[in-house]
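Each chain, written out:
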Amino acid sequence: MKIIVDLKILDDRLHEQMPTYATEGSAGLDLRACIDAPITLQPGDTTLIPTGMAIHLDNIYHAALILPRSGLGHKHGIVLGNLVGLIDSDYQGQLMVSCWNRGNTAFELNPMERIAQLVIVPVLQADFHLVDDFDASERGEGGFGSTGKH
Ligand SMILES: O=c1ccn([C@H]2C[C@H](O)[C@@H](COP(=O)(O)OP(=O)(O)OP(=O)(O)O)O2)c(=O)[nH]1
Ligand SMILES: [Mg+2]
C-alpha cells in the first residue's frame, strides 16, 4: 500500500540524493550517512550517524524500522548498535543510525554512503483484557525448541 509521509530534509546534500526505493519492488529506502568527513569504525566501535532527514508518520498505526543493509552487514560486519531501530509515528527528529562494526577489521564510512534502510510498516496497538487463564492452544507454553530440531 502507498501512503504519503511528511519528510523534512535537514542536510542540503540530500536534495540531490533523495531517498528512493531502488527498484519497484523494494521494501526499504536506503539511508545515507550525512557526515562531513570519513569516519573510521574500528572493530567493536559504535557511532551515531545522522541521516539528514526527518519523517513524521503521524498515524498510530504506522511505524518505521531501520534495518541493516545485507551487503554491509554480511561482508563488512556493519550492522546496527540497537540491532533494529524503531521509529515512532510521533517522532519528528532526525533519523539517526547507530552504526556498529561487529566485525574484526576497521571500516571506513564515507560521507553520503548508504548505511542502512528504512521500512515503513503497519502497527497494531492493543487494549489489554486481563484474564486468569487463556483458552488452550496447541502450543501452550512450549517454546525455545519445544517442537524439536527437524
Ligand atoms: O535507530 C533509531 C531508533 C530510534 N530513533 C528515534 C526514533 C524513535 O521514535 C525515537 C525513540 O526510539 P526508542 O523508543 O527506540 O528509544 P528509547 O531509548 O526508548 O528512547 P525514548 O525514551 O525517547 O523513547 O528515537 C532513531 O532515530 N533511530
Ligand atoms: Mg522508547
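Within every chain, residues take consecutive numbers counted from 1 along the sequence as written. Working convention: letters from A go to chains and numbers from 1 go to ligands, in the order in which they are written. Whole-chain, interface and lining totals are the exception, using all residues; otherwise, since this is a predicted model, local features are given only for residues with pLDDT of at least 70 and side-chain atom pairs are given and counted only at 80 or more. The side-chain figures draw on all heavy atoms in the structure; neither hydrogens nor water molecules are used.

- Where an unreviewed UniProt entry is consulted, the chain appears under the name Deoxyuridine 5'-triphosphate nucleotidohydrolase, with the organism given as Methylotenera versatilis.
- Quoted straight from UniProt, the Cofactor (unreviewed entry) entry for the chain says "Mg(2+)".
- The Sequence similarities (unreviewed entry) field of the UniProt record for the chain holds the comment "Belongs to the dUTPase family." UniProt positions are given in the numbering used here, feature names are shortened, and annotations may be inferred rather than shown by experiment.

1. Quick word on the UniProt feature "domain: dUTPase-like" (unreviewed entry) in the chain
Part 1: In this numbering, the UniProt entry assigns the feature "domain: dUTPase-like" (unreviewed entry) to residues 17-148.
Part 2: Summarising residues 17-148: 5% helix, 39% strand, and an end-to-end C-alpha distance of 49 Å. Each helix corresponds to a stretch of at least 4 residues labelled H or I by DSSP, and each strand to a stretch of at least 2 residues labelled E; elements are numbered beginning at the N terminus.

2. Here we look at the UniProt feature "binding site: substrate" (unreviewed entry) in the chain
Part 1: The residues that UniProt annotates with the feature "binding site: substrate" (unreviewed entry) are Arg69, Ser70, Gly71, Asn82, Leu86, Ile87 and Asp88. Taken together, the annotated residues stretch across 20 residues and extend over separate regions, lying up to 26.4 Å apart by C-alpha.
Part 2: Structurally, the position occupied by Arg69 is in the loop between strand S5 (62-68) and helix H1 (70-76).
Part 3: Beyond its immediate stretch of four places on either side in the chain, Arg69 contacts Asp30, Arg114, Ile115, Ala116 and Gln117.
Part 4: With respect to the secondary-structure elements, Asp88 resides in the loop between strand S7 (85-87) and strand S8 (94-101). Contacts are assigned to residue pairs with any non-hydrogen atoms lying within 4.5 Å of each other.

3. Digging into the sheet that holds S5
To summarise the sheet geometry, strands pair through backbone hydrogen bonds and adopt either a parallel or an antiparallel arrangement.
Part 1: Paired strands, in this sense, are two strands between which DSSP finds at least two bridges. Spatially, the four strands line up as an open sheet ordered S2-S10-S5-S7, and their pairing is antiparallel. Two strands bound the open sheet, and with one partner strand each, they are strand S2 (29-32) and S7. Sheet twist, expressed as the average angle between the axes of neighbouring strands with direction ignored, equals 30°.
Part 2: For S5 and S7, the ladder comprises three bridges, and the chain directions are antiparallel. Across the sheet, Ile66 pairs through a bridge with Gly85, a residue of S7. Every axis corresponds to a line fitted to the C-alpha atoms, with the helix fit spanning only the stretch in contact, and the corresponding angles, defined between N-to-C directions, vary from 0 to 180 degrees.

4. Side note on the site of ligand 1
Part 1: We call a residue near a given molecule or strand whenever any one of its heavy atoms falls within 4 Å of it. Neighbouring ligand 1 are Ile66, Asn82, Gly85, Leu86, Ile87, Asp88, Tyr91, Gln94, Leu95 and Met96.
Part 2: Polar contact is the term for a pair of N or O atoms within 3.5 Å; when the atoms are in protein, one must be able to donate a hydrogen and the other to accept it, and sequence-neighboring residues count only if both atoms are side-chain atoms. At 3.0 Å from an oxygen atom of ligand 1 is found a side-chain nitrogen or oxygen belonging to Asn82.
Part 3: Side-chain polar atom of Asp88 to an oxygen atom of ligand 1: 2.6 Å apart, as the coordinates give it.
Part 4: Under the convention used here, a 1.4 Å probe and the Shrake-Rupley method define accessible areas, while residue burial counts only the protein chains that appear. When ligand 1 is considered free in solution it has 570 Å² of accessible area, and contact with the protein chains removes 48% of it.
Part 5: Elements supplying a minimum of two residues to the shell around ligand 1: S7 and S8.
Part 6: Under the grouping applied here, Gly and all other residues not named as nonpolar or charged are polar, the nonpolar ones being Ala, Val, Leu, Ile, Met, Phe, Trp, Tyr, Cys and Pro and the charged ones Asp, Glu, Lys and Arg. Each residue belonging to the shell around ligand 1 can be placed in one class, and the counts come to six nonpolar, three polar and one charged.

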